[in-house]
Amino acid sequence: QVHLVESGGGLVQAGGSLRLSCVASGLTISTYTMGWFRQAPGKEREFVAAISWDGGNKYYADSVKGRFTISRDNAKNAVFLQMDSLKPEDTFVYYCAAKRNFYSDYAVRQNYDNWGQGTQVTVSS
């Protein structure tokens with residue numbers, strides 16, 4: 001059974017940093033594109049960042065570009081999201097996801113096959 005488990009969320013003041021982690025079990029992420037999405041209550045889940053299977057390509061939503069950094073460690077079966085210069089509008093539940101199909105759009109949530117349970121990030125002003 002596949003599990004993606006996120007951790008590292010919490011409450012932080014504006015301007016602060018958090019580092020999210022996602023560890024996979026039952027799935028070897030080395031052949032998967034990995035992504036981070038976020039969602040507010042009653043809203044659509046939105047793309048944040050994605051990283052290719054070998055870490056050679058990274059993609060970001062415009063809203064987080066220059067502040068967030070996605071990385072992966074295939075040996076640890078893990079993906080990370082370093083979030084700096086956090087703003088109150090970054091307050092969401094953050095989800096890790098794995099996408100098997102290399103060619104499908106990394107920013108489309110429906111293209112991802114496996115999801116974590118989410119971790120809450122709250123940024124206070």
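Placed above this text is the structure.
Residues numbered from 1 in each chain as written. Predicted model: local features only at pLDDT ≥ 70, side-chain atom pairs only at ≥ 80, totals over all residues. Heavy atoms only, no water.

## Digging into the pairing of strand β3 (residues 18-25)
- Sheet analysis places strand β1 (residues 3-7) next to β3, joined by five bridges and oriented antiparallel. Across the sheet, the residue bridging to E6 is C22, located in β3.
- Inspection of the sheet shows β3 paired to strand β8 (residues 78-83) by six bridges, in the antiparallel sense. Paired with V23 across the bridge in β8 is A78. (Pairing = 2+ DSSP bridges. Helix = DSSP H or I, 4+ residues; strand = E, 2+ residues; numbered from the N terminus.)

## A look at the sheet that holds β8
- Across the sheet, which stays open at both edges, the four strands sit in the order β1-β3-β8-β7 with antiparallel pairing between neighbours. Taken across any chain shown, the strands that pair with only one partner, and hence form the sheet edges, are β1 and β7 (68-73). Averaged over all pairs of adjacent strands, the angle between their axes in this sheet comes to 15°, without regard to strand direction. (Axes fitted to C-alpha atoms, helices over the stretch in contact; angles between N-to-C directions.)

## What to know about the side chain of S52
- Looking at the element boundaries, S52 is found in the loop between β5 (46-51) and β6 (58-60).
- Here the side chain of S52 touches D54 through a polar contact of 2.9 Å, side chain to side chain.
- There is a polar contact of 3.2 Å between the side chain of S52 and the backbone nitrogen of G56.
- With near-sequence residues (within four places) excluded, S52 lies in contact with Y32, T33, N57 and R72. (Polar contact = N/O pair within 3.5 Å; in protein donor to acceptor, adjacent residues only side chain to side chain. Contact = heavy atoms within 4.5 Å.)

## Things to note about the state of the cysteines
- Inspection of the entire model under this criterion finds one disulfide.
- One disulfide in the model links C22 with C96; its S-S distance is 2.0 Å. Its S-S torsion of about -70° marks the bond between C22 and C96 as left-handed, since a negative value means left-handed. Of this pair, C22 sits in strand β3 while C96 sits in strand β9 (residues 92-99), and the two are 74 residues apart along the sequence. Comparing C22 with C96 shows no difference in burial state: the two are buried. (Disulfide = S-S within 2.5 Å. Buried < 20%, exposed > 50% of the residue type's maximum accessible area, 1.4 Å probe, protein only.)

## Focus on the side chain of E6
- Following the sequence through the fold, E6 ends up in strand β1.
- Nearest to the buried, unbridged E6 among oppositely charged side chains is R45, at 7.2 Å.
- A polar atom in the side chain of E6 sits 2.8 Å from the backbone nitrogen of C96.
- Here G118 takes part through its backbone nitrogen, which lies 2.9 Å from a polar atom of the side chain of E6.
- Excluding residues within four positions of it along the chain, E6 makes contact with S21, C22, W36, Y94, Y95, C96, G116, Q117, G118 and T119. (Lys, Arg positive; Asp, Glu negative; His and termini not counted. Salt bridge = Lys/Arg side-chain N within 4 Å of Asp/Glu carboxyl O.)

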